[in-house]
Amino acid sequence: MKIYLYVLTLVFMLQVSASIRVYSQDKQGRSFHVQVLDEDTREGIQGVTLRSENGQIVRVTIENGYTDLVLGKEQLPFIFLVGHLGYREQELKIDLIPDTTLIVLLSKADNAIEEVVLSTGMYSLPKERATGSFTYIDQKEIAERPGMDLIARLEGVANGLQLVRNGIDDSYSVRIRGVSTIESNESPLIVLDGFVYEGELAHINPNDIQDITLLKDAAAASIWGARAGNGVIVIRTKKGHLHRQPILSANISSSIVDQPDFTYNRSWLPSREVMGFQKEMFEKGAYRETVHTVLPEYIELLIQRRDGLISDEEFSKKEALLQKADVLGEASKHLYRPAVSNQYAASLRGGSGFNSYYYSLAYHDSKEEVIGNSSSSILLNLSNEFALSPYISLSLNGGYSRQNVRPGGLKLTDLAVRGYGIQPYTRLLDENGNQLPFIRDLRVSYLQDNEQSELLDWYLYPLEERNLIQNRQMESQIKFDGKFEWRFLKSGRFNLLYQIVESSGQSITEYDKDSYFVRDMVNRFTQADYTRIIPHGGILESGTLSKTVSQTGRVQVNFDGAIAQKLRYHLYAGTDIRERKNAVSPSIRTYNYSPETLTGQRAFDYNTWYPARPSGSIMVSNPHANHQLFIDRYFSWFGNGAVSYEDKYVLSSSLRWDGSNLFGVKANQKGTLLASSGVSWDISKENFFSLDYLNLLKARVTYGSSGNVNTSVSHFPTISHTSGRAPTFLPYANVNSVGNPNLKWEKVKTLNLGLDFSFHNGFIRGSFEYYLKYANDLIGEAYFDPTTGINNDGLSVQGFKINYANMMTRGVDLNLDISSRIGRVSWSSKLLFSYTGNEITKYNTPEISNVTYYLNQRSVPPKEGVSKDIVYAYPWYGLSNENGLPLVKIDGDYSQDYTKWITTMEYDDLLVAGVNVAPYFGSVSTALSWRNVGFHFLIGGKFGHVFRRQSISSGNEYARLYHTDYYQRWQKPGDELLTNVPAATPYGVNIMYLPSAYLDAELLVESASYIQLQEVGLRYSNNRIFGHNTITVFASVRNLGILWAANEYNIHPEYHQATYAPKKRFNLGLNLSF
Amino acid sequence: MKNCIKLMCFITLGICFCSCVDDFLNVKQDASIVTPNTIEDYNAILNNFSYLNGQTSHELGVIGSDEYILDDNAWRALPTPYMRNGYIWSSNVYEGLVSVDWNNGFERIKVANLVIENLEKMDNQDKNESEWNRIYGAAHFLRAIKYYELAQLFCETFKPEIASNQLGLPLRTESNVTSQYSRSSLLETYQFIIDDLLIAESHLPVNAITNLRPIKSSVYGLLAKTYLLMEEYEVAEAYANEVLKYHTELIDYNGIDLESISVNSLPFPEMGDGNKEILYFSSTTSLRNVHFSTFKADTNFLNLLEIGDLRRAIYFIDFNDNIIFGGSYTGGVNLFSGIALGEVYLIRAECRIRLERIQDGVDDLNFLRKHRFDHRHYIPLQTGSYLEAMEWLIRERRLELYLRGSRWEDLKRFNKEKQFAQTLERIVEGKKYTLPPNDPKWVWPLPDKAIELGGYEQN
């Protein structure tokens, strides 16, 4: 593979030199460059048309405003009309063929509207001729947000897209226009340069991105067929262009994120309090003392005092030391730091009359907030296009990327004592700054006793351990694609495309022989006579190796043209074949590994039980031998047509058949036929329409279907073989599942109604869309008639899911752009607002005898008639005046019999507290610019959803569940008027369902609505500094904080269970192009 | 025009391409899943004897029959509602819970269907002819015997004159769980059983390495049982004769060492291994109603056993002040519910008596009795009266087929004839329950979930 890459690179490099040479020869002839720039910003304008005097379009500028012209001396003087939507048209007269680039400056027309070309991945179309629902995001929104992943950069920028966070950390799932599946994948399909992309987004260089288009409704997405049900994100990367001087562009950017602040976490009590609980429990004999089972440090201290091993005086001194200790402070000091990430990127693009190219190289490195965690990646992208003849072109693109992640750092959670969690008084260093051993697995007295033996030192020093374990996760991806195009007749194009993507990933961990990991393992295996089963040497753990090869081929025929100038048509049809093979091989552990000589040892007796230290018996863990292979195959054919008449009426329609090996055995179920169609009517182009202030009014209606896949279910019957039993001893097989020959795609039908408008020459413009999605044949657990042979009290056997459930999603997307210009100050604001709601319309919820099932925080069982995102709660009746515990109502009477209350509660007694995903969300962004300087800010908000606030779990302080609400708890009669936090129950009193009667009550369900200042930024751009080179400098800050939140507890609703809230991110970048 | 031709070429190419698509899409997604596709796989599926030959659908029949009595404490201690309700023929048998008999029967029908449909799909060159035949036949036999068992519990007894209007069972012929079927007529159900058995007969071998696998004689035995139920006595007798062509040897109970019998040493071999009377081995679950811990032999039944009938000493064991049943051909606590030679003799005897060849019938009865009686006490039956012969036959069936799951269908069958009809009685907690002949409760209701989700007509 590496050789292949090398050859590829060589070929590409040769191309560059060749093209430069061709270009310079051309220059001596009659060819020259034109660059069209914005008069104010001096930025190149793309899409400017150069028309001859008779109105015929001669050239259209590409990126950065470049194009080329070929003129013969005899044509001089030559007169052009240079024009672009949003700019004043200008006449250009050429008397002499210029030696260098001819610069044309265009001044902005008042209230400019930019022209947008949308890409569906299969073809591009101007926005005016689209009937479907698209969201277009240009590169600027993506490029200047370093250090973030690609999708996160779209938050607040892309209309209809929502990131749904889990409340615990930064991970999220993406929803475009809500959700339309119950059990299957919710995330949208990603299409990169016309091919379905299933790799890591980290393999895409953000600087290479030209633009991103979201396909939101059926007419837009249905061309991606059965996997487009969740919407499609189409990413286009930059390409070179013919006749273009090479441009080298370099980019450096950095981002710094503040160090985490652990005081955010309220599920915590300080050392003094926790030691109080521990002392009480100790006195009541709650800690079982054995020779070797680890106990928390304070308990050991109490034992020492009890056994008279230390004086009371010494005890008090040590106790005071622990009471003062704060593991959060220790962690902030020694384990965490501000995260820094740097990105360096360079690209070269240009083209001759024969070929064009875009090459880029990027290097990213980042140091995470956890000390020791870092990552780096290198991304190479080579794209080339050859004009073999006026009719034939060939493009060849290659890419290589490699990511190295080192997750070996030490986190706060790594300081947990086995069986006892994190002790708030844990110290890493003593008063003199020496490392303290961290007693994690075995009792300190047991370790002390072994100090004199032949065993290895058995202490763990966390800060040292961090440096003795090297963990690397490597992932690489190599990509190649080619596209052949043949233009025939006047309007026809024949395309042949092929892509192969190969990626592999593996995690390798090297444990030094001095690491605790190795010492501990050696000691555990050391026999009574001190012989060692595991040699005292390094250990190399090569994790599972996953290799994926995806191949796609496509044949496509396009016709694009016009009949009598008025009727334009665009038709295309093709077929697409795709395979993804994923092979996973097992992990391998090598003992006695020496990084110097690269030798190790694997020959062990894996089947013997050895006596182990401190007790029991132990086996050398058996090497895994199971390989896995997954093959996904897809085949489809598709056709799409759009006809527009006088740009007033557009009719579009598409048809696609998708087949896959994931589905039913019956041939007609292997695939599905998906169709869509749409119309649009530009009312403002009608003659009868004469409102001066309304420049555009276009109505759009589309309807169609797309699908979704669930790879976790199989249509094949499965069996497992077993050796035989008496009396015959014949080997036999169990039928695990008879399979489901009717398994099929989930189907999502979408109706989209849209209205595009523009007032006062584009001062206000925008779109309003309403959609309705009916998802059918959703996969879900189902009841079966026992006559089918499937039974488990009427509920399906686990894992037996069929297509039967339905849900409905509806919503509204509003997009409003306001832009104005006073003198040299231009101002533009963008308002995005979305509503989305869903309801499960058919689902067989199992008969659940106990309502606690619905309060499960991780997965709430789907239920007909309510949202998928529903949050239930118990009713709240306040605290008792007598004991400060919650009151409940049984048959209308107050009671404190929680068990009876909850076990007799019916589904209908539960309160619907809301949904946990925001039904309303939106953003406001504003950009101001004056000459070369720009300023922008982005404010985002989410509304109408709820989260469950955490609080104390009465009585579970003794089970290490802490919360600062403990200080607000009920302590004496009368407190119930002041607080809703129940009393703490004494040790040993465990009242069933008491904690959940409070924690799952409506009382703790808080509104999650909030508004956040997401980003503020400054930008300076100048292209007159060094000749015509462009320099751009930008600086921005993200996560500036919450401007308003509905909850009164200073809880960030997106991070309500997190140990720390997102910190400010400072971005800084510099971009140069020559 | 030229371009149009080119375009046509592309389309043609595309269509050719499409024809390969089926192969392209037939690949397994997860290669580590074991998908059955070879003869060995199907053989292994049918070798799952403890599953396929166990837990037969006989529980409700045993529960409702007059072969045992429970005292109030034992009755109250029964773990699931259907066991208590079934004992007193309550109208709400399952109380919303499942029917074990229904579930077990249809689960196995699903497996049989899976094997049958996949064997039929196999390419000819893959077929190992004799193995293919044997497995194909065995799967049909399995499906037939399950339908036979279910029909005895959930359908009325077969009445030839109205069978096409009597409710039968949903006849599922595919493993696809999403297909729906409605209830057939009882005639169709029996015809389905017979069709399956005829296919089984033509594919199964004469001998097998174990009586857990069906052979031709198993099929003949079941055909004889089926035709007997359908009152087609000539045909039933013919199939009984077919069995007796290959198998005639009954166990002579005189050869069993009575002294060695105890709870820990039951008289018959475990899993019927080597029991030459067994034409097809199958067994019920260890049903609590007749379990060692609960069981009390009905003294009325014990009194039926004449002096010298060895079945008294072999079937019944004194255990903890109780007399328990230890004579199961399973050699354990599970009841034998398969097909054994003794029954075949009884079928032929009944056919002959009913066909007015009373002496031939009585000879068959005597042949069987001779093997069950102490030779010193054996007196052959002698009669020329149809009624007397029938009464002997009914009594002999009750004794020979004691706790084999067939009493329920016999009671139902004989209830058709006034002179043999019987009313069952139970007394529980001082209350008397009766089940007179022709009471609709002779037919167990379909389980609630099946009615609800399958939309079947309830009995």
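Conventions adopted
Residues numbered from 1 in each chain as written. Chains lettered and ligands numbered in written order. Predicted model: local features only at pLDDT ≥ 70, side-chain atom pairs only at ≥ 80, totals over all residues. Heavy atoms only, no water. Helix = DSSP H or I, 4+ residues; strand = E, 2+ residues; numbered from the N terminus. Rg over C-alpha atoms; globule rule 2.2 N^0.38 Å. Buried < 20%, exposed > 50% of the residue type's maximum accessible area, 1.4 Å probe, protein only. Contact = heavy atoms within 4.5 Å. Areas by Shrake-Rupley, 256 points an atom, 1.4 Å probe, with all protein chains shown as cover. Lys, Arg positive; Asp, Glu negative; His and termini not counted. Charge placed at Lys NZ, Arg CZ, Asp CG, Glu CD. Phe/Tyr/Trp six-rings, centres within 6.5 Å; stacked < 30°, edge-to-face > 60°. Salt bridge = Lys/Arg side-chain N within 4 Å of Asp/Glu carboxyl O. Axes fitted to C-alpha atoms, helices over the stretch in contact; angles between N-to-C directions. Parallel < 35°, antiparallel > 145°, perpendicular 65-115°, else oblique. Left-handed = near helix turned anticlockwise from the far one by under 90°. Nonpolar A, V, L, I, M, F, W, Y, C, P; charged D, E, K, R; others polar. Buried area = accessible area lost by both parts, 1.4 Å probe. Polar contact = N/O pair within 3.5 Å; in protein donor to acceptor, adjacent residues only side chain to side chain. Expected span 1.5 Å × (residues − 1). Arc of directions from axis to C-beta. Pairing = 2+ DSSP bridges. Core = buried A, V, L, I, M, F, W, Y, C linked by side-chain atoms within 4.5 Å. pLDDT = per-residue confidence, 0-100.

### Topic: the overall build of chain A
Inference 1: Helices and strands together make up the secondary structure of chain A, namely 13 helices and 53 strands.
Inference 2: Taking 1074 residues into account, the globule formula puts the C-alpha radius of gyration at 31 Å, and chain A, at 33 Å, falls close to it.
Inference 3: Referenced to the eigenvectors of the C-alpha coordinate spread, the extents of chain A come out at roughly 110 × 75 × 75 Å.
Inference 4: In chain A, buried positions account for 53% of the 1074 residues.
Inference 5: In chain A, 70% of the contacts between residues at least 6 apart in sequence involve partners at least 24 apart.
Inference 6: Carbon and sulfur atoms make up 53% of the accessible area of chain A, which amounts to about 46800 Å² in all.
Inference 7: Both charge centroids of chain A, one from 105 positive and one from 113 negative side chains, sit 6 Å from each other.

### Focus: the overall build of chain B
Inference 1: The secondary structure content of chain B amounts to 19 helices and eight strands.
Inference 2: Expected size for 459 residues packed as a compact globule is a radius of gyration near 23 Å; at 25 Å, chain B falls within 12% of this value.
Inference 3: By principal-axis analysis of the C-alpha atoms, chain B measures approximately 105 × 50 × 45 Å.
Inference 4: Taken over 459 residues, chain B has a buried fraction of 59%.
Inference 5: Partitioning the contacts of chain B with sequence separation of at least 6, the portion at a separation of at least 24 is 72%.
Inference 6: Carbon and sulfur atoms make up 51% of the accessible area of chain B, which amounts to about 18100 Å² in all.
Inference 7: Where the 46 positive side-chain charges of chain B centre and where its 64 negative ones centre are 2 Å apart.

### Observations concerning the packing of aromatic side chains
Residues and elements named next belong to chain B.
Inference 1: Taken as a whole, this structure holds 66 aromatic pairs over all chains when the rule is applied.
Inference 2: Here F268 and Y329 contribute two aromatic rings whose centre-to-centre distance is 4.6 Å and whose plane-to-plane angle is 65°, an arrangement assigned as edge-to-face. One end of the pair, F268, is in the loop between α12 (233-246) and β3 (278-280); the other, Y329, is in the loop between β5 (322-325) and β6 (339-340), and 61 residues separate them in sequence.
Inference 3: Judged by relative accessible area, Y329 falls into the buried class, the value being 1%.
Inference 4: Ring geometry for F301 and Y402: centres 4.1 Å apart, planes at 20°, overall stacked.

### Examining the pattern of salt bridges
Inference 1: This model, assessed by the stated rule, comprises 84 salt bridges over all chains.
Inference 2: Among the ionic pairs, R427 of chain A bridges to E431 of chain A, the shortest N-O distance being 3.6 Å.
Inference 3: Here E429 of chain B ties to R76 of chain B by a salt bridge, and the two come within 2.5 Å at their closest N and O atoms. Taken as a pair, E429 of chain B in the loop between β7 (424-428) and β8 (431-435) and R76 of chain B in helix α6 (residues 72-76) lie far apart in primary sequence, 353 residues in all.
Inference 4: The partly exposed category is assigned to E429 of chain B, whose relative accessible area is 44%.
Inference 5: Its relative accessible area of 43% is what places R76 of chain B among the partly exposed residues.

### Let's talk about the packing of helix α8 (residues 100-121) of chain B against helix α9 (residues 129-154) of chain B
All names here are of chain B.
Inference 1: Contact geometry for α8 and α9: axes closest at 9 Å, N-to-C directions at 155°. Taken together, the axes of α8 and α9 are roughly antiparallel relative to one another. Considering how the two elements wind past one another, α8 and α9 form a crossing that is left-handed. Every residue of α9 that contacts α8 at D101, W102, G105, F106, R108, I109, A112, N113, V115, I116, L119 and E120 is listed here: W132, I135, Y136, A139, H140, L142, R143, K146, Y147, L150, L153 and F154.
Inference 2: Across the contact of α8 with α9, the residue classes tally to 16 nonpolar, three polar and five charged.

### Considerations on the interface of chain A and chain B
Inference 1: Opposite the 60 residues of chain A that make contact, chain B presents 54 residues.
Inference 2: Summed over both sides, the interface of chain A with chain B buries roughly 5000 Å², with 67% coming from carbon and sulfur.
Inference 3: The interface formed by chain A and chain B contains zero salt bridges.
Inference 4: On the surface where chain A and chain B come into contact, there are nine residue pairs in polar contact (both at pLDDT 80 or more).
Inference 5: Elements with a minimum of two residues in the side of chain A that touches chain B: β24 (469-488), β27 (545-563), β28 (567-585), β33 (628-645), β34 (649-660), β37 (718-722) and β38 (732-737) of chain A.
Inference 6: The biggest single contributor to the side of chain A that touches chain B is β33 of chain A, with seven residues.
Inference 7: A breakdown of the residues in the side of chain A that touches chain B according to their chemical character gives 33 nonpolar, 17 polar and ten charged.

### Considering α12 of chain B
Residues and elements named next belong to chain B.
Inference 1: Here α12 is 14 residues long and its end C-alpha atoms lie 20 Å apart, about the 20 Å a rise of 1.5 Å per residue gives.
Inference 2: What α12 keeps buried is the set Y233, A236, E237, Y239, A240, V243 and L244. For α12, the buried positions fall inside an angular range of 165° around the axis, keeping them on one side. Away from its buried face by more than 90 degrees, α12 exposes E234 and K245.
Inference 3: Check the buried side of α12 and you find it contacts α10 (186-203), α11 (216-229), β3 and α15 (341-354).

### What about the pairing of β5 of chain B?
Inference 1: For strand β4 (residues 316-319) of chain B and β5 of chain B, the ladder comprises four bridges, and the chain directions are antiparallel. Paired with F319 of chain B across the strands is N322 of chain B, a residue of β5 of chain B.

### Looking at the pairing of strand β51 (residues 1010-1022) of chain A
Inference 1: Pairing analysis gives ten bridges linking strand β48 (residues 933-943) of chain A to β51 of chain A, with the strands arranged antiparallel. Bridged to K942 of chain A within β51 of chain A is Y1010 of chain A.

### Some remarks on helix α5 (residues 297-306) of chain A
Side chains that are three or four residues apart share a direction in an α-helix, a result of its 3.6 residues per turn.
Residues and elements named next belong to chain A.
Inference 1: Restricting attention to buried positions, one finds in α5 the residues Y298, I299, E300, L301, L302 and I303.
Inference 2: Contacts made by the buried residues of α5 are with α4 (271-283), α6 (312-324) and α8 (444-450).
Inference 3: Just beyond α5, the residue with positive phi is G308, at close to 70°.

### Things to note about the sheet that holds strand β15 (residues 209-215) of chain A
Residue and element names in this part refer to chain A.
Inference 1: Pairing is mixed in the open sheet, where five strands are placed in the order β10-β15-β16-β13-β14. Edge positions in the open sheet fall to β10 (134-138) and β14 (195-196), since each of these has one partner strand only.
Inference 2: In the sheet, strand β13 (residues 189-192) pairs with strand β16 (residues 232-237) via four bridges, with the strands oriented parallel. Bridging across to β16, V191 finds its partner in V234.

### So, the nonpolar core
Inference 1: In terms of nonpolar packing, the biggest core is built from 162 residues, with L119, F141, F154, Y253, F295, F316 and W444 of chain B touching the most fellow members.
Inference 2: When residues in this core are grouped by element, the largest group, 15 residues, is from α9 of chain B.
Inference 3: With sequence-adjacent residues up to four places away left out, Y253 of chain B is seen in contact with F268, L310, R311, I314, Y315, Y329, H371 and R372 of chain B.
Inference 4: Core analysis: the second largest hydrophobic core is formed by 76 residues, L269, L301, L410 and L429 of chain A among them.

### Considerations on the side chain of N1047 of chain A
All names here are of chain A.
Inference 1: Along the chain, N1047 turns up in the loop between β52 (1030-1045) and β53 (1065-1073).
Inference 2: Given a relative accessible area of 6%, N1047 falls into the buried group.
Inference 3: Polar side-chain contacts of N1047 include one of 2.8 Å to the backbone oxygen of I1051.

### A look at the environment of R589 of chain A
All names here are of chain A.
Inference 1: Structurally, R589 is set in strand β29 (residues 588-594).
Inference 2: Taking the C-alpha atoms as reference, R589 lies 9.8 Å from I508; in sequence the two are 81 residues apart.
Inference 3: What R589 contacts, discounting residues up to four positions off in sequence, is F517, M521, I539, L540, E541, R602 and S621.
Inference 4: Polar contacts involving the side chain of R589 include one to the side chain of E541, which spans 3.0 Å.

### Describing the packing of helix α16 (residues 358-372) of chain B against helix α17 (residues 386-400) of chain B
Residue and element names in this part refer to chain B.
Inference 1: The geometry of α16 relative to α17 is characterised by a closest axis approach of 11 Å and an angle of 30° between their N-to-C directions. Viewed along their axes, α16 and α17 adopt a mutual orientation that is roughly parallel. α17 is crossed by α16, and the crossing has left-handed handedness. Residues I358, V362, L365, L368, R369 and R372 of α16 form the contact with α17, whose participating residues are Y386, A389, W392, L393, R395, E396 and E400.
Inference 2: Grouping the amino acids of the contact of α16 with α17 by side-chain chemistry returns eight nonpolar, no polar and five charged.

### Regarding the confidence of the model for chain B
Inference 1: Looking at chain B as a whole, the pLDDT averages 89, with 93% of positions reaching at least 70.
Inference 2: Our summary of model confidence lists the complex with pTM equal to 0.79 and ipTM equal to 0.87.

### Let's talk about the side chain of D101 of chain B
Inference 1: With respect to the helices and strands, the residue D101 of chain B is situated in helix α8.
Inference 2: K146 of chain B provides the closest opposite charge to the buried, unpaired D101 of chain B, separated from it by 8.8 Å.

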